[in-house]
Amino acid sequence: MTQKNILFIMLDQLRADALSCYGNTVLGTPNIDRLANRGVKFNRCYVQGTSCGNSRASYYTGRHVRSHGATWNGWPNRLDELTLADHLAACDMSTYLMGKTHMKPDMAGMNRLGIEPQSELGRFLSNAGFGQGEHDDGLHTVGVAGGYGTGTPAYFEYLRKHGYAAKNPWVTHANAMQDEDGILRNGMFLKYGHLPARVDKVHSETAYTTDRAIEMIQHMGPQNWCLHVSYIKPHWPLAAPAPYHQMYRGMDLPQASKCASQKTNAHPIYQAFMDLPQSQTYAQDDYRNHALPTYYGLIKEIDDNLGRLFESLEQQGQSQHTMIVLTSDHGDFFGDHWLAEKDLFHDAVTRVPLLIMDPSPTADVSRGITCDDLVCAIDLVPTFVEWAGGEPQWHWLEGQSLLPILHQTAIINRACVVSECDYGVMNFAQDLGRSMHNARMTMLYDGRYKYVHCLGFKPMLFNLQEDPQEFSDLGRDTGYSAIRGQLSEQMLDWSAGLKNRVTVSQETFGKQLNKAEQVGILIGYWHQDDVPQAEQLEPEVPPN
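Here the structure is a predicted model, which means the values were calculated and not measured.

**Some points on the overall build of the protein**
Turning to step 1, where the next piece is worked out: Scanning the protein from terminus to terminus reveals 18 helices and 17 strands.
Turning to step 2, where the next piece is worked out: Over its C-alpha atoms the protein spans a radius of gyration of 25 Å, differing by no more than 12% from the 24 Å that the globule rule assigns to 544 residues.
Turning to step 3, where the next piece is worked out: Its C-alpha atoms give the protein principal-axis dimensions of about 100 × 60 × 50 Å.
Turning to step 4, where the next piece is worked out: The buried share of the protein, reckoned over its 544 residues, is 57%.
Turning to step 5, where the next piece is worked out: Across the protein, every contact between residues at least 6 apart in sequence was considered, and the portion connecting residues at least 24 apart equals 72%.
Turning to step 6, where the next piece is worked out: For the protein, the computed accessible surface area is about 23,500 Å², with 51% contributed by carbon and sulfur atoms.
Turning to step 7, where the next piece is worked out: Once the 44 positive and 62 negative side-chain charges of the protein are each reduced to a mean point, those two points are 5 Å apart.

The following block contains the structure:
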């Protein structure tokens, strides 16, 4: 294979069980399922962060949240952090973006180093290394304090060009509805999710993202490329264009996974999340079941558009050169465990879909298989580098390459996966006595026990072998004190083993082994004969 490309697809806030290849019986996702049939479906892939920003920072760096430090939405990577673009540039592969990253520039760092933010280097450093393509995080909302999104995305001008005349057509058309009385309604409110968004399906964010991705591929030519197609949906606002807004209304929906006992003597942090307004809304089955069909509709819309994208890839003769990867930055509670959104560690949030289709003949042995090994979001960067023919920079990277699974040459030997949450920006953090520095939780999952270290509080503990729905918190159960102690030690070992010596490559480190004696540093030796290197000569003592 002379040319090598990577099509790296990410959906935002997609639960694994919302795809038919992962068991959903309500909606069909045949184009996504085709990836599972032609590649490997990973059943136990876990993200390293529970929000959009910190999870994506781990995807883009191949490092844990503790290492890269971008712990929340909009918290930037440090300027010296290597990203996917840096790693693939060493493999002669250009990296492009179409869509969302949820990463922000380290303005303080650029000011300190005298880097102009609008320079080529500044733009590269501002967006997780994606200096080429089109960045659009969506969420161009407007509230009493102004707008949430920054800048004017190209999507605005696209909508105006197609007749959606407005200062902010994202708010008034793409994510708004018109009710039965002709009143304009904000798509942020779940109540109106049964109404169609005020854009034709060919002009939706999903269709636009797909169109632009197809255009980018058409202009890339014979170079090696990685295109990150990062869809904004099915993340809220839950506003779907017709006919996707009503496809799944009136159908039998899966029930929320929750148990009344979870609300009794709940862990203080868990209780605080259950008390959030959005959780109170989704805890009501009528509200949750009104919103879920729209969520499913948005996923179906993405699957249909992926069919267009995959067809275009084949028509352009690129499919035989292109590894296709599909995943999500995190899931969505959607009423499970009496919760909404993300930011805790139940499987509804931290376990995400991961499908990898390697077109090379060496991957033929793995087509259509499922893998139950514990794998991570941070495994993708080293996988991409190895597939592109490079050598992963292991002094930076904290994941493992999945190429041995794709080529059926080995399994992943991983004792545990780790995910982290910084809830310092939550309104309840101060009420819990936490500050911006210590509102932290860390999850360690070894395939059976899921242990959650909660700084300042007792831990949480779930036994997924006996309690796969994660209803029973054993964090304060005296019968599990030994298990908690063992997992706490394992988490300490994980923390101590993170890659913080990133300025020293493995090659450089190897050259320093046994170097001291060779350059005459003979500390504490009695005589020349005691020096391990037999060829070592007694050093000359220069004259005064």
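**Section: empty space enclosed by the protein**
Turning to step 1, where the next piece is worked out: Counted according to the given criterion, the structure contains 6 cavities of 30 Å³ or more.
Turning to step 2, where the next piece is worked out: Empty space within the largest cavity amounts to approximately 110 Å³.
Turning to step 3, where the next piece is worked out: Together, 14 residues line the largest cavity, and N77, R78, T83, L125 and A128 are the ones closest to its centre.
Turning to step 4, where the next piece is worked out: In this model, the second largest cavity occupies a volume close to 60 Å³.
Turning to step 5, where the next piece is worked out: If you trace the second largest cavity, you find it lined by Y155, A174, N175, V199, S204, E205, T206, K233, A239, P241, L298 and E301.

**Thoughts on the pairing of strand β14 (residues 417-422)**
Turning to step 1, where the next piece is worked out: Taking burial as the measure, the 6 residues of β14 include 6 buried ones, the bulk of the element.
Turning to step 2, where the next piece is worked out: Residues V417, S419 and C421 point to one face of β14 and V418, E420 and D422 to the other, with burial holding for every one of them.
Turning to step 3, where the next piece is worked out: As defined by bridge partners, β14 adjoins strand β15 (residues 440-445) across 6 bridges and the pair is classed as antiparallel. Across the sheet, S419 pairs through a bridge with M443, a residue of β15.

**What about the sheet that holds β14?**
Turning to step 1, where the next piece is worked out: Here we have 4 strands laid out as an open sheet, ordered β14-β15-β16-β17, and antiparallel in their pairing. A strand with exactly one partner marks an edge of an open sheet, and here the two such strands are β14 and β17 (460-463). Neighbour-to-neighbour, the strand axes of this sheet turn through a mean angle of 15°, independent of strand direction.
Turning to step 2, where the next piece is worked out: Pairing of strand β16 (residues 449-454) with β17, which is carried by 4 bridges, proceeds in the antiparallel orientation. Within the sheet, the bridge partner assigned to Y451 lies in β17 and is L461.

**Considering the layout of surface pockets**
Turning to step 1, where the next piece is worked out: Here the second largest pocket is characterised by a volume of approximately 320 Å³.
Turning to step 2, where the next piece is worked out: Looking at the lining of the second largest pocket residue by residue, the classes come out as 5 nonpolar, 4 polar and 7 charged.

**Quick word on the packing of aromatic side chains**
By convention here, two paired aromatic rings are described through the distance between centres and the angle between planes.
Turning to step 1, where the next piece is worked out: Here the structure, examined in full by the defined rule, presents 14 aromatic pairs.
Turning to step 2, where the next piece is worked out: Relative to F384, the ring of F8 has its centre 5.4 Å away and its plane inclined at 70°; by these criteria the two rings are edge-to-face. On the criterion of sequence distance, the pair formed by F8 in strand β1 (residues 5-11) and F384 in helix α14 (residues 380-387) is long-range, its members being 376 residues apart. An identical accessibility class is assigned to F8 and F384; each is buried.
Turning to step 3, where the next piece is worked out: Taken together through their ring pairs, the aromatic side chains of Y248, Y282, Y295, Y296 and F334 make up a single cluster.
Turning to step 4, where the next piece is worked out: Directly above the aromatic system of W338 lies the positively charged group of K263, at a separation of 4.3 Å from the ring centroid.
Turning to step 5, where the next piece is worked out: Lying over the aromatic face of Y445, K450 brings its terminal NZ or CZ to 5.5 Å of the ring centre.

**Description of the side chain of E134**
Turning to step 1, where the next piece is worked out: With respect to the helices and strands, E134 occurs in strand β4 (residues 133-135).
Turning to step 2, where the next piece is worked out: For E134, the side chain forms a polar contact with the side chain of R212, separated by 2.8 Å.
Turning to step 3, where the next piece is worked out: Setting aside its immediate chain neighbours within four residues, E134 contacts L97, M98, G99, A154, Y155, Y208, R212 and M216.

**Things to note about the nonpolar core**
Turning to step 1, where the next piece is worked out: Membership of the largest hydrophobic core comes to 63 residues, with the highest contact counts inside it found for L7, I9, L227, Y295, Y296 and L306.
Turning to step 2, where the next piece is worked out: Top element by residues in this core is helix α12 (residues 285-315). It accounts for 11 residues.
Turning to step 3, where the next piece is worked out: Aside from chain neighbours lying at most four places away, what touches L7 is W225, L227, V229, L309, F310, L313, T322, M323, I324 and V325.
Turning to step 4, where the next piece is worked out: One finds F42, A57, C371 and V381 within the second-largest nonpolar core, a separate group that totals 41 residues.

**A closer look at the packing of helix α7 (residues 154-161) against helix α9 (residues 205-218)**
Turning to step 1, where the next piece is worked out: Relative to each other, α7 and α9 sit at 105°, their axes nearing to 11 Å. The angle between the axes of α7 and α9 places the two elements in the roughly perpendicular class. Where α7 abuts α9, its residues A154, Y155 and Y158 lie against E205, Y208 and D211.
Turning to step 2, where the next piece is worked out: Here the contact of α7 with α9 is composed, by residue class, of 4 nonpolar, no polar and 2 charged.

**Describing unusual backbone geometry**
Turning to step 1, where the next piece is worked out: The residue after W236, namely P237, is reached through a cis peptide bond having omega 5°.
Turning to step 2, where the next piece is worked out: As for its position among the elements, P237 is in the loop between β9 (225-230) and α10 (268-274).
Turning to step 3, where the next piece is worked out: In this structure, the amide linkage connecting A242 to the following residue, P243, adopts the cis form with an omega of 5°.
Turning to step 4, where the next piece is worked out: Within the secondary structure layout, P243 lies in the loop between β9 and α10.
Turning to step 5, where the next piece is worked out: In this structure, D92 is a non-glycine residue whose phi angle is positive, near 60°.

**Some details on the pattern of salt bridges**
Turning to step 1, where the next piece is worked out: Inspection of the entire model under this criterion finds 26 salt bridges.
Turning to step 2, where the next piece is worked out: Taking the shortest distance from any N to any O, the salt bridge between E314 and R34 comes out at 3.3 Å. With E314 in helix α12 and R34 in helix α1 (residues 30-38), this pair connects stretches of sequence that are 280 residues apart.
Turning to step 3, where the next piece is worked out: R78 is the salt-bridge partner of E81, the closest N and O atoms lying 3.1 Å from each other.

**So, the pairing of strand β11 (residues 351-357)**
Turning to step 1, where the next piece is worked out: Most of β11 sits out of view: 6 of its 7 residues are buried.
Turning to step 2, where the next piece is worked out: Bridge count for strand β2 (residues 40-46) against β11 is 5 bridges, and the pairing is antiparallel. Opposite Y46, over in β11, you have R351 as the bridge partner.
Turning to step 3, where the next piece is worked out: By the bridge criterion, 4 bridges tie strand β10 (residues 322-328) to β11 in an arrangement that is antiparallel. Counted as the bridge partner of I324 is M357 from β11.

Cut-offs applied
- Residues numbered from 1 in each chain as written.
- Predicted model: local features only at pLDDT ≥ 70, side-chain atom pairs only at ≥ 80, totals over all residues.
- Heavy atoms only, no water.
- Helix = DSSP H or I, 4+ residues; strand = E, 2+ residues; numbered from the N terminus.
- Rg over C-alpha atoms; globule rule 2.2 N^0.38 Å.
- Buried < 20%, exposed > 50% of the residue type's maximum accessible area, 1.4 Å probe, protein only.
- Contact = heavy atoms within 4.5 Å.
- Areas by Shrake-Rupley, 256 points an atom, 1.4 Å probe, with all protein chains shown as cover.
- Lys, Arg positive; Asp, Glu negative; His and termini not counted.
- Charge placed at Lys NZ, Arg CZ, Asp CG, Glu CD.
- 1 Å grid on protein atoms, 1.4 Å probe; cavity = no way out; pocket = protein on both sides within 12 Å on 5 of 7 lines; lining within 4 Å.
- Points joined across faces, edges and corners; volume = space filled by probe spheres on them.
- Pairing = 2+ DSSP bridges.
- Axes fitted to C-alpha atoms, helices over the stretch in contact; angles between N-to-C directions.
- Nonpolar A, V, L, I, M, F, W, Y, C, P; charged D, E, K, R; others polar.
- Phe/Tyr/Trp six-rings, centres within 6.5 Å; stacked < 30°, edge-to-face > 60°.
- Lys NZ or Arg CZ within 6 Å of the ring centre and 35° of its normal.
- Polar contact = N/O pair within 3.5 Å; in protein donor to acceptor, adjacent residues only side chain to side chain.
- Core = buried A, V, L, I, M, F, W, Y, C linked by side-chain atoms within 4.5 Å.
- Parallel < 35°, antiparallel > 145°, perpendicular 65-115°, else oblique.
- Salt bridge = Lys/Arg side-chain N within 4 Å of Asp/Glu carboxyl O.

Function cannot be inferred from these measures alone, as they are strictly geometric.
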